[in-house]
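A look at the structure
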Amino acid sequence: MTHLTQSATWQTLKAMSADLPHMRELFAENPQRFDQLSIKDCGLLLDFSKNRLTEAVLQELLKLAREAGLEQKIAAMFAGEAINTTEQRAVLHTALRAPADADIRVDGVNVVPEVQQTLAQMEAFVEALYSGQWRGYTGKKITDLVSIGIGGSFLGPKIISEALRPYWNGKLQCHFVANVDGTAISEKLKKLDPETTLFLMSSKSFGTQETLTNTLSAKEWFLAKGGSQQDIGKHFAAITSNVAKATAFGIDEDNIFPMWDWVGGRYSLWSAIGLPIAALIGMDNFKALLAGARAMDVHFASRPLEQNMPVIMGLLSVWYNNFFNAQSHVVLTYDHYLRGLPAYFQQLDMESNGKSVTLDGNAVDYSTGPVIWGGEGTNGQHAYHQLLHQGTALIPADFILPLQSHNPIGEHHAQLASNCFGQTQALMQGRTFDEALAELADSSFTEAEKQLIAKHKVMEGNKPSNTLLMDKLTPITLGALIALYEHRTLVQGAIWDINSFDQWGVELGKKLGNEVLSRIGAELDSKDLDSSSNALINLFRQGKI
Ligand SMILES: O=P(O)(O)OC[C@H]1O[C@](O)(CO)[C@@H](O)[C@@H]1O
């Protein structure tokens, strides 16, 4: 057994999990439950009252957090300690949104001036594009940006851009290409004009196969459509920490925005990786996004654990994952602009906490990192919510809803909100057999039929959910929301004693993909591989099954 599962606190929580009243009872016996179990700060309100939580459980979870050294781990992250131990790196996405006069040191050097300088470089770039000072090779203004990147160098910019659509200023169009499937880039290029298109190559390492291949194809397209080698500087820029590789690739040094090894890919949208967002919404709004995240950083670093939103959300995730065997967690956004957020949180959480050894290399004997999934409400209500209500798996849910709509037409928003609240209520209270039977009282079914149908209509309830509200979806509230989930990820990782900041599993995928490619290209015999891989490679070479 590990220290964690051996601990008295863990054992107490285990005993408590088996002996809890139904949430219906918890609400019935305490009219103050919402007031006591909700937190408001940073433009967000977290209602966590619809959880399998008593005061005693909450205190025990907080004890677990203290025993895991959570407070010290939070402080270590903000201080720039190398908490990504396997790569010996600091984890400082928080420095990307720190005030200009902050002093945050990595290896004795304050990184904040570099961050501010990069923001200024981004601002100048965006302004030059807007004003037409930056022009394409035939003298035309740039109208379209194509962001090429994958993973953290793609999902954040794409999903946050989508979420902030009401703030687009219409000065530029942005397109995103990630997948190495040639269809992805071909479909984009069909609609673009090389004279007015600028490619932004986003790759921290400048070594990711998909991004290099897509950028190469973009370059070939540009040259084939009339651009020349000397014009590349007007149409290609990069965001990378590998300046040497970028210049060797043909990108002008002046067109390179820096990235740092102390920013993880999935935490990088606040850096120049966020340039597409800045280009769409303008620098002031981009800075508001940073300010929202900064507010959540201050909250996370300074609020006591029991009033700390990321801490509470992280502990609840541990509670269900480890003590109720909840293998997945659903994020339900009741806002069309936020429809991509579940995928973003999925990458953030699953790439971070998909681990099975502790920091000192021992195998964990508890579950880490549930599957994160979800979608937009109300659509999911007519699909997978059935499993949430009546399936056998326990799936804790986060409901996210802005109280005001950017498109307040008719009764739409009231209906959307009612559905959101109605779902959390149904999940919590369920429906008893007697209630189901009573609902069938006036039907024409026989008594035996009523008894049978009522059994099918029973919903156990007691299904946990958090509700996150904001007045309106703005760059500030969105920044706070994203940072909330970033920090929630750290909280879980701290309890589980794992490194949330490396990703060796996906690195292996990258490496093996490249190896197979070299075998395909070199027509090598692959009999040394397993029979399946060998057969698949041969079939690909043949081009038919
Ligand atoms: O920005 P890069 O170096 O191209 O990496 C892209 C992505 O690849 C990963 O390293 C692994 O898939 C992610 O963590 C990262 O965001």
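Not measured: the values here are computed from a predicted model.

So, how was this worked out
Residues numbered from 1 in each chain as written. Predicted model: local features only at pLDDT ≥ 70, side-chain atom pairs only at ≥ 80, totals over all residues. Heavy atoms only, no water. Helix = DSSP H or I, 4+ residues; strand = E, 2+ residues; numbered from the N terminus. Expected span 1.5 Å × (residues − 1). Buried < 20%, exposed > 50% of the residue type's maximum accessible area, 1.4 Å probe, protein only. Contact = heavy atoms within 4.5 Å. Domains from an automatic or database assignment. Salt bridge = Lys/Arg side-chain N within 4 Å of Asp/Glu carboxyl O. 1 Å grid on protein atoms, 1.4 Å probe; cavity = no way out; pocket = protein on both sides within 12 Å on 5 of 7 lines; lining within 4 Å. Points joined across faces, edges and corners; volume = space filled by probe spheres on them. Nonpolar A, V, L, I, M, F, W, Y, C, P; charged D, E, K, R; others polar. Near = heavy atom within 4 Å. Polar contact = N/O pair within 3.5 Å; in protein donor to acceptor, adjacent residues only side chain to side chain. Areas by Shrake-Rupley, 256 points an atom, 1.4 Å probe, with all protein chains shown as cover. Pairing = 2+ DSSP bridges. Axes fitted to C-alpha atoms, helices over the stretch in contact; angles between N-to-C directions. UniProt positions renumbered as here; feature names shortened; annotations may be inferred.

A closer look at helix α7 (residues 112-131)
Look at α7: 28 Å from first C-alpha to last across 20 residues, which is about the 28 Å you get at 1.5 Å a residue. Those residues of α7 that fall on the buried side of the exposure criterion are V112, V115, T118, L119, M122, F125, V126, A128, L129 and Y130. Residues of α7 that are buried sit in contact with β4 (109-110), β5 (144-148), β7 (197-202), β9 (256-258), α13 (275-281) and α14 (283-302). Backbone geometry just after α7 places G132 at a positive phi near 90°.

Some details on the domain arrangement of the chain
Domain annotation for the chain reports domain 1 (4-68 + 303-429 + 463-502), domain 2 (105-287) and domain 3 (505-542). Averaged C-alpha coordinates put domain 2 and domain 3 at centres separated by 32 Å.

Quick notes on the pattern of salt bridges
Using the criterion set out here, one finds 19 salt bridges in the structure. Between K355 and D502 there is a salt bridge, with the nearest N and O atoms lying 2.8 Å from each other. Of this pair, K355 sits in the loop between α16 (341-353) and β11 (371-376) while D502 sits in the loop between α21 (475-496) and α22 (504-522), and the two are 147 residues apart along the sequence. Given a relative accessible area of 16%, K355 falls into the buried group. Residue D502 is classed as buried on the basis of its relative accessible area, which comes to 4%.

Regarding empty space enclosed by the protein
With the rule as written, the count across this model stands at 3 cavities of 30 Å³ or more. Considered as a void within the structure, the largest cavity measures approximately 50 Å³ in volume. If you go around the largest cavity, the residues you meet are N51, M313, L316, S317, Y320, H329, P396, A397, D398, P464, S465 and N466. For the lining of the largest cavity, the secondary-structure elements that each account for two or more residues are α15 (309-323), β12 (397-404) and β13 (465-472). Looking at the lining of the largest cavity, its residues break down into 6 nonpolar, 5 polar and 1 charged.

Quick notes on the site of the ligand
In the vicinity of the ligand lie 14 residues, with G152, S153, S203, S205 and T208 positioned nearest. One of the side-chain nitrogen or oxygen atoms of S153 is found 2.7 Å away from an oxygen atom of the ligand. The side chain of E351 places a nitrogen or oxygen atom 2.9 Å from an oxygen atom of the ligand. When the ligand sits alone it has 390 Å² of accessible area, and the protein chains cover 88% of it. A total of 3 residues in the shell around the ligand trace back to one element, the largest contributor, which is α22. Per-class residue counts for the shell around the ligand are 2 nonpolar, 8 polar and 4 charged. Mapping the shell around the ligand onto the domain boundaries places at least three of its residues in each of domain 2 (105-287) and domain 3 (505-542).

Considerations on the sheet that holds strand β10 (residues 328-333)
Sheet architecture is open: 6 strands sit in the order β1-β2-β13-β12-β10-β11, paired in mixed fashion. The open sheet terminates on both sides in strands that have one partner only, identified here as β1 (38-41) and β11. Ignoring strand direction, the axes of neighbouring strands in this sheet form an average angle of 15°. The pairing of β10 with β12 spans 4 bridges and is classified as parallel. By the bridge assignment for β12, L332 is matched with F399. Sitting on the sheet, α21 is in contact with β2 (44-47), β10, β12 and β13, with an inclination near 155° to β13.

So, the UniProt feature "active site" (unreviewed entry) in the chain
The UniProt record marks E351, H382 and K510 with the feature "active site" (unreviewed entry), using the residue numbering of this structure. For this annotated set, covering 160 residues, the C-alpha atoms extend up to 37.4 Å from each other, a dispersed arrangement in space. The annotated residues named above include E351 and K510 as those lining the largest pocket. Its location among the elements puts E351 in helix α16. Residue contacts for E351: discarding those within four places in its chain leaves R266, Q346, D502, Q503 and V506.

What about the sheet that holds β7?
Strand pairing in a sheet relies on backbone hydrogen bonds. The paired strands run either parallel or antiparallel. Taken together, 5 strands build an open sheet; the order of strands is β6-β5-β7-β8-β9 and the sheet is parallel. With one partner strand each, in any of the chains shown, β6 (173-177) and β9 form the two edges of the open sheet. Direction aside, the axes of adjacent strands within the sheet are offset by 20° on average. Pairing between β5 and β6: 5 bridges, direction parallel. Counted as the bridge partner of I148 is V177 from β6. Along the sheet, helix α9 (residues 182-190) makes contact with β5, β6 and β7, crossing β6 at roughly 160°. Along the sheet, helix α10 (residues 209-224) contacts β5, β6, β7 and β8 (236-240); its crossing angle with β7, the most-contacted strand, is approximately 160°.

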